[in-house]
Amino acid sequence: MELLPISTPHCRIERDGHVVIVTMDRPEAKNALSTDMLVGLAEAWQYISDEPGVRVGILTGAAGTFCAGADLKAMGTPSEDERVRQRAAEIGDVHWKGLLRDPDSLPAKPIISAVEGYAVAGGTELLVGTDLRVVAESATLGLFEARRALFPMGGAAVRLPRQIPYAFAMDLLLTGRAITAQEALTMGLVNKIVPDGRALAVARELADQVAACGPLAVQAILRTYRETLGLGEAEALKVSDNIGWPVIGSEDAKEGARAFREKRPPTYRGE
């Protein structure tokens, strides 16, 4: 596992082959969001998008907690680290980019959440911004903002009703109540429930499955979903065809067919 230099004091970013693991690392504050953390998250998403050899990312939290939401004071205070202060200024809109809210800077590759402990308020909003979600059985999720007379600025008020049934989304948004992992699974908010302490390991197994697929195909599927949101079916299918045909004609697609005929694992190069 290689620790990447884009890591910040509150965000550890590591690479292992095709997979990048992003760890929110502020355990003394239950990994509540800070400027240092948001800069690290924004840097991680950009790295995952730009590096050809990276195929998938995992987002998790240190010390048995995912993220307890926003620390408004820490998010509004400049970092004590000179490099992080400089990068925050260079990145711009670092809050939205770090929170996976800025549509123009979303990672081009899938992100998997590995959740232990609390993933509440901004923690649940981060989860809603990811593509696959693995949650430990005793985890607690919830959007507490309305209960505190706040608003879910991470985008959940828009995204959640698009991802799960309306009644479930409004239950979470309007009551501000905490929910269990089992409730989250019933609502369709998460993919898997696993024993406590196993979320990252299972997320890594899932990441390896994604990384074994053709990277051009995976990225095209993700891009098609994003670019067709809100379109009618006929228009959406045109967008899908424009994105899909180059994948069908790629060298990876030819390798996939060869590997199937030869009864061997494929070797994809993203070409």
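Scope of this entry: the structure provided in the associated data block.

Rules of the game
- Residues numbered from 1 in each chain as written.
- Predicted model: local features only at pLDDT ≥ 70, side-chain atom pairs only at ≥ 80, totals over all residues.
- Heavy atoms only, no water.
- Phe/Tyr/Trp six-rings, centres within 6.5 Å; stacked < 30°, edge-to-face > 60°.
- Lys NZ or Arg CZ within 6 Å of the ring centre and 35° of its normal.
- 1 Å grid on protein atoms, 1.4 Å probe; cavity = no way out; pocket = protein on both sides within 12 Å on 5 of 7 lines; lining within 4 Å.
- Points joined across faces, edges and corners; volume = space filled by probe spheres on them.
- Helix = DSSP H or I, 4+ residues; strand = E, 2+ residues; numbered from the N terminus.
- Nonpolar A, V, L, I, M, F, W, Y, C, P; charged D, E, K, R; others polar.
- Axes fitted to C-alpha atoms, helices over the stretch in contact; angles between N-to-C directions.
- Parallel < 35°, antiparallel > 145°, perpendicular 65-115°, else oblique.
- Contact = heavy atoms within 4.5 Å.
- Expected span 1.5 Å × (residues − 1).
- Salt bridge = Lys/Arg side-chain N within 4 Å of Asp/Glu carboxyl O.
- Buried < 20%, exposed > 50% of the residue type's maximum accessible area, 1.4 Å probe, protein only.
- Pairing = 2+ DSSP bridges.

**Points about the packing of aromatic side chains**
Counting across every chain of the model gives zero aromatic pairs. The positively charged end of Arg-101 is found above the aromatic ring belonging to Trp-96, 4.0 Å away from the centroid. Above the plane of the ring of Phe-144 lies Arg-147, whose end atom (NZ or CZ) is 4.4 Å from the centre.

**Some remarks on the layout of surface pockets**
The calculated volume of the largest pocket comes to roughly 960 Å³. Considering the residues around the largest pocket, the lining is formed by 33 residues, among which Leu-106, Leu-222, Tyr-225, Arg-226 and Leu-229 are closest to the centre. Of all the secondary-structure elements, those providing two or more residues to the lining of the largest pocket are helix H6 (156–163), helix H10 (215–227) and helix H11 (233–248). When residues of the lining of the largest pocket are assigned to their parent elements, the largest contribution, eight residues, is made by H10. Tallied by class, the residues present in the lining of the largest pocket amount to 16 nonpolar, nine polar and eight charged. For the second largest pocket, the calculated volume is near 360 Å³. For the second largest pocket, the lining is made up of 18 residues, of which Ala-70, Leu-72, Glu-125, Glu-145 and Phe-151 are closest to its centre. Mapped onto the lining of the second largest pocket, the elements with two or more residues apiece are helix H2 (72–75), helix H4 (94–98) and helix H5 (122–128). Split by residue class, the lining of the second largest pocket holds eleven nonpolar, four polar and three charged.

**Here we look at the packing of H10 against H11**
Running from N to C, H10 and H11 cross one another at 175°; their axes reach a closest spacing of 10 Å. One finds that H10 runs roughly antiparallel with respect to H11. In this structure, H10 contributes Leu-216, Ala-217, Ala-220, Arg-223, Thr-224 and Glu-227 to the contact, and H11 contributes Val-239, Ser-240, Ile-243 and Val-247. Looking at the contact of H10 with H11 residue by residue, the class counts come to six nonpolar, two polar and two charged.

**Thoughts on helix H12 (residues 251–262)**
If you check H12, its first and last C-alpha atoms are 16 Å apart, about what twelve residues at 1.5 Å a residue would give, namely 16 Å. Contacts from the buried residues of H12 go to H10. Downstream of H12 by one or two residues, Lys-263 has phi in the positive range, about 55°.

**Let's talk about the environment of Leu-173**
Positionally, Leu-173 belongs in helix H7 (residues 166–175). Sequence-distant contacts of Leu-173, defined by excluding residues within four places in its chain, comprise Leu-143, Ala-146, Pro-152, Ala-156, Ala-157, Leu-160 and Pro-161.

**Comments concerning the pattern of salt bridges**
If you walk through the whole model with that rule in mind, you get 18 salt bridges. Among the salt bridges present, the one from Asp-25 reaches Arg-12, with a minimum N-O distance of 2.9 Å. In this pair, Asp-25 sits in the loop between strand S3 (19–24) and helix H1 (35–50) while Arg-12 sits in strand S2 (residues 11–16), placing the two residues 13 residues apart along the sequence. Take Arg-12: its relative accessible area is 29%, and that puts it in the partly exposed class. The salt bridge involving Arg-258 is made with Glu-255; its shortest N-O contact spans 3.2 Å. With Arg-258 and Glu-255 both in helix H12 and three residues apart, this pair spans about one turn of that helix. Looking at Glu-255, the relative accessible area reads 8%, which means it is buried.

**A word on the sheet that holds S3**
Reading across from one edge, S1-S2-S3-S4-S5-S7-S10 is the order of the seven strands in this open sheet, with mixed pairing throughout. The sheet is open, and its two edges are formed by strand S1 (2–3) and strand S10 (192–194), each paired on a single side. The pairing of strand S7 (residues 132–136) with S10 spans three bridges and is classified as parallel. Note on S10: the bridge partner recorded for Ala-136 is Val-194. Relative to the sheet, H1 contacts S2, S3, strand S4 (56–61) and strand S5 (111–115), its axis offset from that of S3 by approximately 170°.

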